[in-house]
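Take a look at the letters that make up each chain.
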Amino acid sequence: MGVVGLGAMGAGIAQLCVEAGVDTVGREVSLELAQKAGDRIAHFLTRKVEKGQLDQDARDVAVGRLSLTADLEDLAGCDLVIEAIVEELASKQELFGELERICGGDAVLASNTSALSVTEIASKSSTPQRIVGMHFFNPAPLMPLVEIIRAELSSDDAFETAYAFGEKLGKHPIRCHDTPGFVVNRVLIPLLNDCVRVLDEARVTVEDLDAGMKHGAGWPMGPCELVDLVGIDVHVHASDALYEKLREPRMAPPPRLVAMRNAGLLGRKSGRGFYTYD
Ligand code: CAA
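Residues numbered from 1 in each chain as written. Predicted model: local features only at pLDDT ≥ 70, side-chain atom pairs only at ≥ 80, totals over all residues. Heavy atoms only, no water.

Asker: Looking at this structure, I do not really get helix H1 (residues 8-19). What am I missing?
Answerer: For the α-helix, the turn length of 3.6 residues means that residues three or four positions removed from each other point alike. Under the 1.5 Å per step criterion, the end-to-end length of H1 is 17 Å for 12 residues, consistent within 8% with the ideal 16 Å. Buried residues dominate H1, accounting for 10 of its 12 residues. Here H1 has its buried residues at Met 9, Gly 10, Ala 11, Gly 12, Ile 13, Ala 14, Gln 15, Leu 16, Cys 17 and Val 18. With its phi angle positive at about 90°, Gly 21 sits one or two positions after the end of H1. (Helix = DSSP H or I, 4+ residues; strand = E, 2+ residues; numbered from the N terminus. Expected span 1.5 Å × (residues − 1). Buried < 20%, exposed > 50% of the residue type's maximum accessible area, 1.4 Å probe, protein only.)

Written out as structure tokens, the structure reads:
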């Protein structure tokens, strides 16, 4: 198993893989970044031991299953590779070209893209039949869902291999076709954009809006907390991508979020978004 890109999503996916007993190669652009992700994974697994959710031995074995690299060639032996790199079409197309060259002909190649078209990602590939989407939700180790996305030219074999792997990771996979936002983001992104617009329309505070959706709609987190968790840059990018494809005004990112993104208020990862973090 290989994971390319060890940011919040990639590191979470790599954690799931090693916890599920799969030897995993994690690749970042530098060994230093790879090591940071490895440390984060080790930290979360240690927390599970402290909370009595995992044995110390199982934790150590899981940590030992992860090998870190900055060299894509180290993914040569992988049967399945999931990419979770930057959300740029050209970068993903280039990466899949490299993976096709490096990995064996039977290897399935999956994208964790949240808003790009998997069909477009695969369009520059010479073996598009083995490319599918596997879309995890943030935080990947905790959220049970994975969307398995069939691109126009995905083979049944690749699609079902990805589905079975989702099950092996202990996730609840669902099957869908490659449409803008797939299933959940098609609904969630305009909904979160509505929430942000309501902040100004109803002159409600961030805290009260979050309380409203938690206590009035049963959400586990308020919308502002959630956008902070996802990353304001990630959310704005996904909104732009959906708006470009669907042209529905609700898909367009609210100006307030664009301004926050431009100011570097990216949510939890930058220490400040709607809320301030230590
Ligand atoms: N790996 C492992 N453990 C992690 C973790 C990670 N990456 N991140 C956090 N944790 C652990 C923490 O260590 C924490 O435990 P400690 O504080 O004891 O160390 C624990 O998980 C979480 O504890 P909480 O009490 O905060 O857990 P919770 O019961 O409140 O649930 C939640 C947290 C699952 C995130 C819940 O609040 C929730 O479901 N929120 C909604 C999240 C959501 O909607 N995500 C989807 C976003 S949209 C998306 O991702 C799509 C996209 O394409 C952008």
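Asker: Teacher, can you tell me more about the site of the ligand here?
Answerer: Not every one of the 18 residues close to the ligand is listed here, only the nearest: Arg 47, Lys 51, Ser 114, His 135 and Asn 138. Contact between the ligand and His 135: an oxygen atom at 2.8 Å from a side-chain N or O atom of the residue. With respect to the ligand, the backbone of Asn 138 contributes an N or O atom lying 2.8 Å from a nitrogen atom. Surface burial for the ligand is 65%, taken as the share of its 1100 Å² of free accessible area covered by protein chains. At the level of secondary structure, the elements contributing two or more residues to the shell around the ligand comprise helix H2 (31-50), helix H7 (184-201) and helix H9 (223-230). Tallied by class, residues from the shell around the ligand come to 11 nonpolar, 5 polar and 2 charged. (Near = heavy atom within 4 Å. Polar contact = N/O pair within 3.5 Å; in protein donor to acceptor, adjacent residues only side chain to side chain. Areas by Shrake-Rupley, 256 points an atom, 1.4 Å probe, with all protein chains shown as cover. Nonpolar A, V, L, I, M, F, W, Y, C, P; charged D, E, K, R; others polar.)

Asker: Just checking my understanding: could you explain the pairing of strand S7 (residues 145-150) for this structure?
Answerer: Strand residues, when the strand is regular, have side chains that alternate between the two faces of the sheet. Taking burial as the measure, the 6 residues of S7 include 5 buried ones, the bulk of the element. Pairing of strand S6 (residues 131-136) with S7, which is carried by 4 bridges, proceeds in the antiparallel orientation. Residue Phe 136 lies in a different strand from S7, and its bridge partner there is Val 146. When S7 meets strand S8 (residues 172-177), the two strands line up parallel, connected through 6 bridges. When the sheet's bridge partners are listed, Leu 145 is paired in S8 with His 172. (Pairing = 2+ DSSP bridges.)

Asker: How should the nonpolar core be read in this particular structure?
Answerer: Most often, soluble globular proteins keep nonpolar side chains buried together rather than apart. Ranked by size, the top nonpolar core spans 36 residues in total, and within it Met 1, Met 134, Phe 136 and Phe 165 carry the most contacts. If you list the elements that add at least two residues to this core, you get H1, H2, strand S4 (80-83), strand S5 (108-111), S6, S7 and helix H6 (156-168). Looking at which element gives the most residues to this core, the answer is H1, with 7 residues. Val 4, Val 25, Leu 75 and Leu 109 belong to the second-largest nonpolar core, a separate cluster that totals 22 residues. (Core = buried A, V, L, I, M, F, W, Y, C linked by side-chain atoms within 4.5 Å.)

Asker: I tried to follow the packing of helix H10 (residues 232-246) against helix H11 (residues 255-262) on my own but got confused; where do I start?
Answerer: Describing two packed helices takes the angle between their axes plus the distance from one axis to the other. One way to put it is that H10 packs onto H11 with a least axis distance of 9 Å and a crossing angle of 130°. By the criterion of interaxial angle, the relationship of H10 to H11 is oblique. Note on packing geometry: the crossing formed by H10 with H11 is left-handed. Residues Ile 232, Asp 233, His 235 and Val 236 of H10 pack against Leu 257, Val 258, Met 260 and Arg 261 of H11. Of the residues that constitute the contact of H10 with H11, the class distribution is 5 nonpolar, 1 polar and 2 charged. (Axes fitted to C-alpha atoms, helices over the stretch in contact; angles between N-to-C directions. Parallel < 35°, antiparallel > 145°, perpendicular 65-115°, else oblique. Left-handed = near helix turned anticlockwise from the far one by under 90°. Contact = heavy atoms within 4.5 Å.)

Asker: Could you clarify how one ought to interpret the side chain of Ser 114 in this entry?
Answerer: Tracing the backbone through its elements, the reader meets Ser 114 in the loop between S5 and helix H5 (118-122). Not counting the four nearest positions on each side in its chain, Ser 114 is found in contact with Glu 87, His 135, Gly 181, Phe 182 and Asn 185.

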